[in-house]
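# Summary of the model geometry
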Amino acid sequence: GTTACKKAFDKIGVDTAMNIIRRCIPPSDNHLILHHALEFAPNLVDDIGQYYPDAAFLRDTSGHTLSQCKFYINLRRGRRKFKKNSSFFIEATDDEVNTIDPKTGLCPFMLAAVGEKSDLTAVYYLLSRNPKLVILGENALSNESDEARDSRKRRREGIS
């Protein structure tokens, strides 16, 4: 559906809506507004970014930058394929390729491998950037709690 923010942009205009939002969420308060928009309303990131440009440099609670979060989100959603979007993968920074997605606990190559939209070429490329992530991924998964493992298995099998 349409977010309240998008409805306000359409009804009263981006400038007016953003002035109201800025009164409630001052840019100086270091809110992760762009991280939030990226996750829940990616079509509004450019509009919101004009009013909160410094938020692009903030790190979330896991220490990830906006670009890292964007990278993980695009991999999770299967929106980028190596064959059609090779620049997305080639231009990825080491910080994006070599860290673990805080939402899933998976390395980027694993995100590219899972689901119906898996992309073997992307998996190969991401692994070739840092083959040591295979060991990191194994360690990350072996250190995971039984509850987290069971939860992931239920999600994979479509059980709540």
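Our subject in this report is the structure included herewith.

## Here's the deal with the pattern of salt bridges
In total, this model carries five salt bridges according to the counting rule given. Between Asp101 and Arg76 there is a salt bridge whose closest N-O contact spans 2.8 Å. Of this pair, Asp101 sits in the loop between α7 (94–97) and α8 (108–113) while Arg76 sits in helix α5 (residues 66–77), placing them 25 residues apart in sequence. Overlapping salt bridges bring together Glu39, Arg76, Asp101 and Lys103 as one network.

## Topic: the environment of Phe9
For Phe9, the location among the structural elements is in helix α1 (residues 4–12). Considered as a pair, Phe9 and Leu44 are 35 residues apart in the sequence and their alpha carbons are 9.5 Å apart. With residues up to four places along the chain from it excluded, the contact list for Phe9 reads Val14, Ala17, Met18, Leu44, Asp47 and Ile48.

## Thoughts on α5
Taking 1.5 Å per residue, twelve residues should reach 16 Å; α5 reaches 16 Å between its end C-alpha atoms and fits that length. Contacts from the buried residues of α5 go to α3 (33–40), α6 (86–90), α7, α8 and α9 (120–129). At the C-terminal side of α5, Gly78 shows a positive phi close to 65°.

## Brief notes about the packing of aromatic side chains
Applying the stated criterion to the full structure yields five aromatic pairs. Taken together, a centroid distance of 5.3 Å and an interplanar angle of 40° make the contact between Phe82 and Tyr125 tilted. You can see Phe82 sitting in the loop between α5 and α6 and its partner Tyr125 sitting in helix α9, a full 43 residues away along the chain. Summarising the aromatic geometry, the rings of Phe88 and Phe89 are spaced 5.0 Å apart at their centres and angled 85° between planes, so their arrangement reads as edge-to-face. Its relative accessible area of 16% is what places Phe88 among the buried residues. Judged by relative accessible area, which is 0%, Phe89 ranks as buried. These aromatic residues form a ring-pair network of at least three members: Phe71, Tyr72, Phe82, Phe88, Phe89 and Tyr125.

What counts and how
- Residues numbered from 1 in each chain as written.
- Predicted model: local features only at pLDDT ≥ 70, side-chain atom pairs only at ≥ 80, totals over all residues.
- Heavy atoms only, no water.
- Salt bridge = Lys/Arg side-chain N within 4 Å of Asp/Glu carboxyl O.
- Helix = DSSP H or I, 4+ residues; strand = E, 2+ residues; numbered from the N terminus.
- Contact = heavy atoms within 4.5 Å.
- Expected span 1.5 Å × (residues − 1).
- Phe/Tyr/Trp six-rings, centres within 6.5 Å; stacked < 30°, edge-to-face > 60°.
- Buried < 20%, exposed > 50% of the residue type's maximum accessible area, 1.4 Å probe, protein only.

So far we have only geometry, and geometry alone does not tell us how the molecule works.
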